[in-house]
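Secondary and tertiary structure notes
Each chain, written out:
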Amino acid sequence: MTVAVVTGGSAGIGRAVVERLLEQDFEVISLDVAPSSIKDKRLHAKKVDLTDPEATRRAAEEIAKGHRVTTVIHNAGVIRPALLPDVKLEDVNALVNLHLSAAILLTQAALPAMKAAGYGRVVLVSSRAVLGLPTRTAYSATKAAMLGMARTWALELAPQGITVNVVAPGPIKTANFHGIVPEGSPQAEKIAQAIPVKRLGQPDDVARAVLFFAHRDAGFVTGQVLYVCGGTSVGTLTL
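Before going into details, it helps to say that this report is about the structure given with it. No experiment lies behind these values; they were computed from the predicted model shown. (Residues numbered from 1 in each chain as written. Predicted model: local features only at pLDDT ≥ 70, side-chain atom pairs only at ≥ 80, totals over all residues. Heavy atoms only, no water.)

Quick look at helix H6 (residues 186-194)
Within the span of H6, buried status applies to Ala 188, Ile 191 and Ala 192. On an axial view of H6, the arc spanned by its buried residues comes to 100°, and they lie on one face. Among the exposed residues of H6, those pointing more than 90 degrees away from its buried face are Pro 186 and Lys 190. Of the surrounding secondary structure, the elements contacted by the buried residues of H6 are helix H5 (175-178). (Buried < 20%, exposed > 50% of the residue type's maximum accessible area, 1.4 Å probe, protein only. Helix = DSSP H or I, 4+ residues; strand = E, 2+ residues; numbered from the N terminus. Arc of directions from axis to C-beta. Contact = heavy atoms within 4.5 Å.)

What follows is the structure in structure tokens.
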């Protein structure tokens, strides 16, 4: 049975990814600060604060000791919006730890099993915000760094049968999004109408893209970024 680690697997996009992996008979280890309500004997939910590098390192080492992980899906993320005069370096550093350091530590821990199997899938969930969005200094900077990191890893790991790709969602109906834009508000409707497909995305829209990259048959696709954004990556999005 293929073993996958999914970060932020208790809600939103991460939960949708976990559900789809379980449907495809994966064993899934979900890392989140919140508990999972999914009941499945193949799901192992672990509480960990991924903004804490030492906690992440301990969790990664523990997982590697007990499981042969060949799929890492790093989805966990937070926004911490602020206009430039109000950006706090502690927020930037926290998102570096969450978006980048956690991806590095979890993938490093899984690499021996992937290399031994001659097979691996790494999927990083970035954001359409890498193209620029007001109030997203910390978020867009760290999510953009994922793209360069993924391309570098793709080149390094391809000879071992390990692919590394990125999914970059646009506005998706999650707690993260609705924590900034209230659900059912005029602002939410305005954003939906500004999207070329005229709707907000659903977590399953992103999960389907993640599962494409995570599939065993996707071995000839690596170092790529797939925007799941309703067309906003080819236009202008205003929140």
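Quick look at helix H7 (residues 203-214)
Counted at 1.5 Å a residue, the expected span for H7 with its 12 residues is 16 Å, and the 16 Å between its end C-alpha atoms agrees. Along H7, nine of the 12 residues are buried, which leaves the element largely enclosed by surrounding structure. Those residues of H7 not exposed but buried are Pro 203, Asp 205, Val 206, Ala 207, Ala 209, Val 210, Leu 211, Phe 213 and Ala 214. Along its buried surface, H7 packs onto helix H1 (12-23), strand E4 (69-74), strand E5 (120-125), strand E6 (162-169) and strand E7 (225-228). (Expected span 1.5 Å × (residues − 1).)

Notes on the packing of H1 against H7
At a minimum axis distance of 8 Å, the contact between H1 and H7 shows a crossing angle of 50°. As summarised for this structure, H1 and H7 are arranged oblique, according to the angle between their axes. Here the hand of the crossing between H1 and H7 comes out right-handed. Counting all contacts with H1, which are made through Gly 12, Ile 13, Ala 16, Val 17, Arg 20 and Leu 21, the residues of H7 involved are Pro 203, Asp 204, Val 206, Ala 207, Arg 208, Val 210 and Leu 211. (Axes fitted to C-alpha atoms, helices over the stretch in contact; angles between N-to-C directions. Parallel < 35°, antiparallel > 145°, perpendicular 65-115°, else oblique. Left-handed = near helix turned anticlockwise from the far one by under 90°.)

Details of empty space enclosed by the protein
Scanning the model with the defined rule gives two cavities of 30 Å³ or more in all. Its boundaries defined by the atoms lining it, the largest cavity holds a volume of some 50 Å³. Lining the largest cavity are Val 5, Ala 60, Ile 63, Ala 64, Val 69, Val 72, Leu 106, Ala 109 and Ala 110. Taken together, the elements giving at least two residues each to the lining of the largest cavity come down to helix H2 (53-66), E4 and helix H3 (89-117). Residue classes in the lining of the largest cavity are distributed as nine nonpolar, no polar and no charged. Here the second largest cavity defines a volume of roughly 30 Å³. (1 Å grid on protein atoms, 1.4 Å probe; cavity = no way out; pocket = protein on both sides within 12 Å on 5 of 7 lines; lining within 4 Å. Points joined across faces, edges and corners; volume = space filled by probe spheres on them. Nonpolar A, V, L, I, M, F, W, Y, C, P; charged D, E, K, R; others polar.)

Observations regarding the pairing of E5
Within E5, six of the six residues are buried, leaving the element largely enclosed by the surrounding structure. Neither face of E5 is open: one carries Gly 120, Val 122 and Leu 124, the other Arg 121, Val 123 and Val 125, and all of them are buried. Where E4 meets E5, four bridges bridge the pair, whose relative direction is parallel. Considered in E5, the bridge of Val 72 is made with Val 122. Across six bridges, E5 lies against E6 in parallel orientation. Residue pairing across strands places Arg 121 opposite Thr 163, the latter belonging to E6. (Pairing = 2+ DSSP bridges.)

Topic: the pairing of strand E1 (residues 3-7)
Where burial is concerned, most of E1 is hidden: five out of the five residues are buried. Of the two faces of E1, the one lined by Val 3, Val 5 and Thr 7 and the one lined by Ala 4 and Val 6 are each fully buried. With five bridges connecting them, E1 and strand E2 (residues 27-32) associate as parallel partners. In the sheet register, Ala 4 faces E2, and the bridge partner there is Val 28. Following the chain from E1 across H1 to the adjacent parallel E2, one finds a crossover that is right-handed. Two strands pair when backbone bridges link them, and E1 and E4 are joined in this way by four bridges, in the parallel orientation. Opposite Ala 4, over in E4, you have Thr 71 as the bridge partner. (Right-handed = clockwise from strand over helix to strand, strands pointing away.)

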